[in-house]
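# Examination of the molecular architecture
Residue-level listing of the chains:
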Amino acid sequence: MSESEKRPEEEEKRRLEEENEALRKELEILREKTLKERLYDHVHVSVRTMDIFIGVMAALFIAVIVLGLLNK
């Protein structure tokens, strides 16, 4: 194999190694995040807005349970 044929292969190998390293770092970051943080990464609203929404939904859930018990 000539020298000119080796260079593209070496360049491709180096590029793939850099890409693999970047993916490993990204995977490490994802493993360190909590479920809440991973969920918030996919929803593009502020954390405060999401926390308010979750609180309102929890209050409504409790209200439905209480109403169900009172009508029994």
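Note that the structure is predicted; figures quoted are calculated from it, not measured.

A tally of helices and strands in the protein yields three helices and zero strands. Taken from the N to the C terminus, the helices and strands of the protein come in the order α-α-α. Taking 11 Å as the expected radius of gyration for a compact globule of 72 residues, we find that the protein reaches 25 Å, considerably beyond that expectation. If you line up the protein on its principal axes, its C-alpha atoms span 85 × 25 × 15 Å. For the protein, buried positions account for 3% of its 72 residues. When the accessible surface of the protein is summed, it comes to about 6,900 Å², and 62% of that surface belongs to carbon and sulfur atoms.

The next subject is the pattern of salt bridges. Taken as a whole and assessed by the stated rule, the structure comprises five salt bridges. Between Glu-19 and Arg-15 there is a salt bridge; the shortest N-O distance is 3.1 Å. Here the residue Glu-19 and the residue Arg-15 both occupy positions in helix H1 (residues 3-32), the gap between them amounting to four residues, near one helical turn. Owing to a relative accessible area of 40%, Glu-19 belongs among the partly exposed residues under this scheme. The class of Arg-15 is partly exposed, set by a relative accessible area of 38%. Arg-24 is the partner of Glu-21 in a salt bridge, and the nearest nitrogen-oxygen pair spans 3.0 Å. With Glu-21 and Arg-24 both in helix H1, this residue pair falls three residues apart, about one helical turn. Classification of Glu-21 as partly exposed rests on a relative accessible area of 36%.

Okay, the confidence of the model for the protein next. Of all residues in the protein, 92% attain a pLDDT of 70 or more, and the chain-wide mean is 86. Taken element by element, the predicted model of the protein shows its lowest mean pLDDT in helix H2 (residues 35-42) (79) and its highest in helix H3 (residues 47-70) (94).

Here Ile-29 shows up in helix H1. Under the relative-accessibility criterion, Ile-29 is labelled partly exposed at 48%. Note: C-alpha distance between Ile-29 and Met-57 (28 residues apart in sequence) is 30 Å.

The rules behind the values
- Residues numbered from 1 in each chain as written.
- Predicted model: local features only at pLDDT ≥ 70, side-chain atom pairs only at ≥ 80, totals over all residues.
- Heavy atoms only, no water.
- Helix = DSSP H or I, 4+ residues; strand = E, 2+ residues; numbered from the N terminus.
- Rg over C-alpha atoms; globule rule 2.2 N^0.38 Å.
- Buried < 20%, exposed > 50% of the residue type's maximum accessible area, 1.4 Å probe, protein only.
- Areas by Shrake-Rupley, 256 points an atom, 1.4 Å probe, with all protein chains shown as cover.
- Salt bridge = Lys/Arg side-chain N within 4 Å of Asp/Glu carboxyl O.
- pLDDT = per-residue confidence, 0-100.

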